[in-house]
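Observations on the model geometry
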Amino acid sequence: MKKYALTILLVDDNEKFLKSMAERAKIRKYNVLTASSGEQALKIASRQTIHVAVVDQQMPGMEGLEVITRLKAITPDIKTLLLTGHGDEKLKKATQALNSAYFDKEDIAGFWNFLANLSLGKIIILLVDDNLKFLKALANRIELKGHEPLMALNGKEALEIMKSNRIQLAIVDQRMPDIDGLVLITQLKKIDPTIKTMLLTGHGDEKLKEATEALNSSYFEKDDMGSFWGFFRKILQGLETTMAAAGMAEGGDYKDALKIKGPPKKK
């Protein structure tokens, strides 16, 4: 399976700066698109999905804030960053009013760390359970928390979904008619070794818990669903930290990646 990459649109009328930014973004495994004007950026955004747009403020024809406003009209979920070499508090507040990040070009050395830590919104979560009522209830709660659930009623459906989507987290029931949860988690990790997984069971024991942890997977008893969402939040926090650190490490920012991940755990 090809590794998923975010598509980033870089918009700047300074050709040298734009080329330099594009080269560094490619090193960090982004799919990179470039535009030298606001008009060109809008044409690109109208034709394909953009996850992140980094836009210069001062450009001929259309300034950065206007470009960001129009990009959000095309793709409301797009994450945007305004880059400026002539910023002030008024511009910063106007940028934030558009729910956009703001970054000064004078601090460009720290830009990539800033980008790696940028929240990119929804996390895609695969839910696998043969109990449709339970599955829908779980999916509804996850949607309310701002993430995107994908549902599967059995292991076969889960594997098909996994092959065509980038899943960050899979929550898997242990007892299912075709494939049990531990076997399914093993197969999901073969498709994408970086996926986070959680085994849910109503029939657990210490042996099953140890087998789950041996797969580097979380384990949760359905009988304790009252505390599930606190546990779920910790899983997501760990996932977001790992994703940010991985983004830095891929680009060579190993020291900052280690700072994010923290010191290795003592055995």
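Predicted, not measured: the structure shown is a model, and the values here were computed from it.

Some details on helix 1 (residues 15–27)
Residues three or four positions apart in an α-helix share a direction because the helix packs 3.6 residues into each turn. Its 13 residues give helix 1 an end-to-end C-alpha distance of 19 Å, which sits within 8% of 18 Å, the value for a rise of 1.5 Å per residue. Inspection of helix 1 places L18, M21, A22 and A25 among the buried residues, and these make up the whole buried set. Down the axis of helix 1, the buried set is contained in an arc of 100°. They therefore lie on one face. Residues of helix 1 that are exposed and point more than 90 degrees away from the buried face comprise K16 and K19. Between the side-chain oxygen at the start of helix 1 and the backbone nitrogen of K16 there is a gap of 3.2 Å, and the oxygen is on N14. One or two positions beyond helix 1, positive phi appears at K29, with a value near 70°.

Quick notes on the pattern of salt bridges
This structure, assessed with the given rule, holds 7 salt bridges. Close ionic contact of K222 with D129 constitutes a salt bridge, the shortest N to O distance being 2.8 Å. Of this pair, K222 sits in the loop between strand 10 (218–221) and helix 10 (228–250) while D129 sits in the loop between strand 6 (124–128) and helix 6 (132–144), placing them 93 residues apart in sequence. Its relative accessible area of 23% is what places K222 among the partly exposed residues. On the basis of relative accessible area, D129 is assigned to the buried category, the value being 3%. Each member of the salt-bridge network shares a partner with another, and the members are D12, D56 and K105.

What about the packing of helix 2 (residues 38–47) against helix 3 (residues 64–74)?
Running from N to C, helix 2 and helix 3 point in directions that differ by 10°, and their axes come no closer than 10 Å. As far as their axial angle goes, helix 3 and helix 2 are roughly parallel. Contacts between helix 2 and helix 3 involve G38, A41, L42, A45 and S46 on the former and, on the latter, V67, R70, L71 and I74.

Overview of the sheet that holds strand 10
Remark on secondary structure: sheet strands pair via backbone hydrogen bonds, oriented parallel or antiparallel. A sheet is described by the order of its strands in space; here 5 strands give the open sequence 7-6-8-9-10, paired in parallel fashion. Of all the strands in the sheet, just strand 7 (148–152) and strand 10 have a single pairing partner and so form its edges. Taken pair by pair, the neighbouring strands of this sheet meet at an average axis angle of 20°, ignoring direction. As judged from the 5 bridges shared by strand 8 (residues 169–173) and strand 9 (residues 196–201), these two strands associate in the parallel manner. When the bridges of strand 9 are listed, L169 appears paired with K196. Contacts from helix 6 reach strand 6, strand 7, strand 8 and strand 9 within the one sheet, and its direction differs from that of strand 7 by about 170°.

A word on the sheet that holds strand 1 (residues 7–11)
What the 5 strands build is an open sheet, ordered 2-1-3-4-5; its pairing is parallel. Looking along the sheet, the strands with just one partner apiece sit at the ends: strand 2 (31–35) and strand 5 (101–104). Each strand of the sheet is rotated relative to its neighbour by a mean of 20°, with strand direction disregarded. Here 5 bridges tie strand 1 to strand 2, and the two strands are oriented parallel to one another. Bridging across to strand 2, I8 finds its partner in V32. Across the sheet, helix 2 is in contact with strand 1 and strand 2; its angle to strand 2 comes to roughly 140°. Sheet contacts for helix 4 (residues 89–97): strand 4 (79–84) and strand 5; angle to strand 5, the most-contacted strand, approximately 150°.

The rules behind the values
- Residues numbered from 1 in each chain as written.
- Predicted model: local features only at pLDDT ≥ 70, side-chain atom pairs only at ≥ 80, totals over all residues.
- Heavy atoms only, no water.
- Helix = DSSP H or I, 4+ residues; strand = E, 2+ residues; numbered from the N terminus.
- Expected span 1.5 Å × (residues − 1).
- Buried < 20%, exposed > 50% of the residue type's maximum accessible area, 1.4 Å probe, protein only.
- Arc of directions from axis to C-beta.
- Polar contact = N/O pair within 3.5 Å; in protein donor to acceptor, adjacent residues only side chain to side chain.
- Salt bridge = Lys/Arg side-chain N within 4 Å of Asp/Glu carboxyl O.
- Axes fitted to C-alpha atoms, helices over the stretch in contact; angles between N-to-C directions.
- Parallel < 35°, antiparallel > 145°, perpendicular 65-115°, else oblique.
- Contact = heavy atoms within 4.5 Å.
- Pairing = 2+ DSSP bridges.

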